[in-house]
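Working through the structure, step by step
One-letter residues, chain by chain:
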Amino acid sequence: MQHDDVIWDIIGNKQFCSFKVKTKSQGFCRNEYNVTGLCNRSSCPLANSQYATIREEKGQCFLYMKVIERAAFPAKMWEKVKLSKNYEKALEQIDENLIYWPRFIRHKCKQRFTKITQYLIRMRKLVLKRQRKLVPLSRKVERREKRKEEKALIAAQLDNAIEKELLERLKQGTYGDIYNFPVHAFDKALEQQDAESESEEEEEGEEEEVETKTKASRSKGKSPANGSAVRKKRAYVEIEYETEPVAKSRATS
Amino acid sequence: MDITEVPVSQDNKGKKKKNKKGKKKSVSQEGNGESGGVDTKEEKMEKSEPAFPPTFSVSEIKNKQRRHLMFMKLKQEKRKQKMQIKKKKKKEREALGDKAPPKEVPKTIENQRVYDETTVDPEDEEIAFDEGTDEFSAYFNGLTNPKVLITTSDRPRGRTVRFCEQLATVIPNAHVYYRRGLALKRIIPQCIARNFTYLIVINEDRKVPNGLVLCHLPDGPTAHFKISSVRLRKEMKRRGKDPTEHSPEVILNNFTTRLGHSIGRQFAALFPQDPQFVGRQVATFHNQRDFVFFRFHRYIFKNEKKVGIQELGPRFTLKLRSLQKGTFDSKFGEYEWVLKRHEMDACRRKFQL
């Protein structure tokens, strides 16, 4: 015989219920067959002979009904009814199964079923969107890489490398005629260019020679960007020359 | 004292400093297996080390203190020998004077580097042909102008935002757009439609940029890097004024292998083909031991032998994680190269770029 009131009297207020979780304002019921999740006289699955819930398993919803005649066999106590995937049909199914049951339980079951379908829809939508992949970092590896990076930085000697590269480009004439430097540099550059034996370069070399020898050798002022100031000095040399196509990106080793 | 056990004889080798001389003498007279005839000689040169390397290794001694002492002695012995050799060499060198052989070059990781068979020969025709027909050929032939879109992962924080802005000033013709939860796969067709050539996505973790995806747009290769040690402009010491709008020159250092070559070309294609020398700005990508260091400087030639450089602009280091053939596609993409730590980091002298 199941005395609901007696059971509730004991577990509800006076003594211990292992499913009850109390917070300041409210009590919750952790029983997995609870419809609402709160600890109430009408929502307690232990203290109600006539009880039903909705539970979801791998995207499929089931209506569970308590058969109190089998209270002695708790494992076989709950009757399972598979609900259809169609929302309206499922609601009808709930209605027809719980046809003469109290209003409260029918209502709460339908509410729970709605909530469940909503979150299933949201899950399906999220899968289609961008998933964020979390890649674990290994602390040892990170530490090692950091140290390697520091050592590589020291070995790289960046400033020297950049300066060397820039000076080389200057020597090879990629800057054309912007910079005006004393004679012997140009002679050096000329020797290199002559060795390559391209006629254009020889012409250019001659032009440069003419220009520089006519001027006092002066080291560059502050701003080579003032192309105008430089150009004024060699106004009287009117030779058309072409600047070579700039091979700007060169992978040097 | 009549001890014939082997372990005790092992002690003897080490414990000259302790009070075991008595034991030692008796044992050595017996001539035990491992130490052999050494012990008799040992008596005579009590305070000095064994004349020849012992036939057992230090690790066989079970007692920690004794093992430690033996090891220290071994080390001292080795050090002494090394010093002797050095002194001898120095004397020889001084004696020879000018005729001395040139000093040996110290070994560095760079000159001990394992030879990589994919190293590019500057005159290799196959590579020249490949480069003439790959995805960057259009750029290198001057047909397209680079247009770069910089964006971040979702909800970027302050540091990343500032980093993006500074990158946009460094790279000419770059635009920064915020992500707002859009999927990359949908952004890419739109970018192609608007003639962007490059897409840069900066990934952020814990308010700090830590990843960079560099995607060449009309279905070009996608490179994924790890960013480390980002320094923003205001954290730089002795920096100059802000970079101007002139297009900078590009320096690519040390990209030797095939893979390095293709990455180098990717970097080069970010910047416009004709640099404006008036601006005197240079962007450097320097590869050292698989780390690519990015720097942005302003230079000035003081005379033909000296150039002064002043750093402006952000600096960061990149490490290549993967290179993918098509545009960004993490699920179905065809990966040309992926960093596999176990294989590739096993040897300290082997580098990929």
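What comes next is a walk through the structure. (Residues numbered from 1 in each chain as written. Chains lettered and ligands numbered in written order. Predicted model: local features only at pLDDT ≥ 70, side-chain atom pairs only at ≥ 80, totals over all residues. Heavy atoms only, no water.)

Time to look at the overall build of chain A. Within chain A one finds 8 helices and 6 strands. Secondary structure elements in chain A, listed N-terminal to C-terminal, are α-β-β-β-β-β-α-α-α-α-α-α-α-β. Every one of the 253 residues in chain A was classed for burial, and the buried ones make up 33%. Long-range contacts, defined here as pairs at least 24 residues apart, represent 43% of the contacts in chain A between residues at least 6 apart. Of the accessible surface of chain A, which amounts to about 17,700 Å², a share of 52% is contributed by carbon and sulfur atoms. (Helix = DSSP H or I, 4+ residues; strand = E, 2+ residues; numbered from the N terminus. Buried < 20%, exposed > 50% of the residue type's maximum accessible area, 1.4 Å probe, protein only. Contact = heavy atoms within 4.5 Å. Areas by Shrake-Rupley, 256 points an atom, 1.4 Å probe, with all protein chains shown as cover.)

Across soluble globular proteins, nonpolar side chains have a tendency to be buried as a group. Grouped together as the largest cluster of nonpolar side chains are 44 residues, with contacts concentrated most on Ile150(B), Ile171(B), Ile200(B), Phe225(B), Ile263(B), Phe267(B) and Phe285(B). In contact with Ile171(B), not counting residues within four places along its chain, are Val148(B), Ile200(B), Leu270(B) and Phe271(B). Among the nonpolar cores identified, the runner-up in size contains 24 residues, and Tyr33(A), Ala52(A), Ala90(A) and Cys109(A) belong to it. (Core = buried A, V, L, I, M, F, W, Y, C linked by side-chain atoms within 4.5 Å.)

Here we take up the sheet that holds strand E4 (residues 60-66) of chain A. Across a sheet, paired strands are connected by hydrogen bonds in the backbone, their directions being either parallel or antiparallel. Residue and element names in this part refer to chain A. The antiparallel open sheet is built from 3 strands, whose spatial order is E3-E4-E5. Unpaired on one side and paired on the other, strand E3 (52-57) and strand E5 (78-82) mark the two borders of the sheet. Each strand axis lies, on average, 30° off the axis of its neighbour in the sheet, ignoring direction. Sheet topology places E4 next to E5; 5 bridges connect them, and they run antiparallel. Within E5, the residue paired with Phe 62 across the bridge is Lys 82. Each of E3, E4 and E5 touches helix H2 (residues 87-97); the most contacted strand, E4, lies at about 10° to it. (Pairing = 2+ DSSP bridges. Axes fitted to C-alpha atoms, helices over the stretch in contact; angles between N-to-C directions.)

Moving on, we get to the packing of helix H5 (residues 125-133) of chain B against helix H9 (residues 258-268) of chain B. All names here are of chain B. The interhelical angle for the contact between H5 and H9, taken along N-to-C directions, is 30°, at an axis separation of 12 Å. Considered as vectors, H5 and H9 are oriented roughly parallel to each other. Where H5 crosses over H9, the handedness of that crossing is right-handed. Residues Ile 127, Asp 130 and Glu 131 of H5 pack against Arg 258, His 261 and Arg 265 of H9. (Parallel < 35°, antiparallel > 145°, perpendicular 65-115°, else oblique. Left-handed = near helix turned anticlockwise from the far one by under 90°.)

When the charged atoms of two side chains with opposite charge come close together, those side chains can pair. For the structure shown, the criterion picks out 16 salt bridges over all chains. A salt bridge links Lys110(A) to Asp95(A), with the nearest nitrogen and oxygen atoms 3.2 Å apart. Of the two residues, Lys110(A) sits in helix H3 (residues 103-128) while Asp95(A) sits in helix H2, which places them 15 residues apart along the sequence. With a relative accessible area of 25%, Lys110(A) lands in the partly exposed category. Taking relative accessible area as the criterion, Asp95(A) reaches 30% and is therefore assigned partly exposed. Between Glu311(B) and Arg315(B) there is a salt bridge, and its shortest N-O distance comes to 3.0 Å. For Glu311(B), a relative accessible area of 13% puts it in the buried group. (Salt bridge = Lys/Arg side-chain N within 4 Å of Asp/Glu carboxyl O.)

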